[in-house]
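In case you want the letters, here they are:
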Amino acid sequence: MIASAWTLICRVEDIPVLGSRRVERARGLDVAVFRNDQDEVFALLDRCPHKGGPLSQGIVFGTSVACPLHNWTIGLCTGQAAAPDEGCTPKFTVKVEDGQVFLDASELATQATDLTRPIAGPARRVLSPLPLGEG
């Protein structure tokens, strides 16, 4: 069995209670590391499965986070959206040892590196000019 290599992220107390920290990656979207009121630590891709909202800016409650854009509830243990909503965001393996938070280095380097955040803004439509004499 191959042992995992771990990347030190921070100390548990560096993550706000009921909040998060973002972990920047060389490739792909950031990873959000969350801490609940029981000092449990979780990690998800910082992207809601609905419209790509930044989960790191959401409100943590229990073992869930509410997306700041449309209030979808995402499970911190699984990344799964709560019913009736559907969808899942990738989760990352976390290890807490002596108050230090580690993420699996291989997952950080390879998992979900191809996912992007949707571009927000008004829909763009090219209007055709009206023929002369109309409008």
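Please refer to the structure placed before this passage.
1. Notes on the side chain of Asp 104
On the secondary structure map, Asp 104 appears in strand β9 (residues 100-104). Buried within the structure, Asp 104 lacks any salt-bridge partner; Lys 95 is the closest side chain of opposite charge, at an N-O distance of 9.1 Å. Residues in contact with Asp 104, not counting those within four places in the same chain, are Ser 4, Ala 5, Trp 6 and Thr 93.

2. A closer look at the pattern of salt bridges
Summed over all chains, the structure comprises four salt bridges. Between Arg 22 and Asp 30 there is a salt bridge whose closest N-O contact spans 3.9 Å. Since its relative accessible area comes to 18%, Asp 30 is described here as buried. The shortest N-O distance in the salt bridge between Arg 35 and Asp 39 comes to 2.7 Å. Judged by its relative accessible area of 41%, Asp 39 falls in the partly exposed class.

Quick notes on the rules
- Residues numbered from 1 in each chain as written.
- Predicted model: local features only at pLDDT ≥ 70, side-chain atom pairs only at ≥ 80, totals over all residues.
- Heavy atoms only, no water.
- Helix = DSSP H or I, 4+ residues; strand = E, 2+ residues; numbered from the N terminus.
- Buried < 20%, exposed > 50% of the residue type's maximum accessible area, 1.4 Å probe, protein only.
- Lys, Arg positive; Asp, Glu negative; His and termini not counted.
- Salt bridge = Lys/Arg side-chain N within 4 Å of Asp/Glu carboxyl O.
- Contact = heavy atoms within 4.5 Å.

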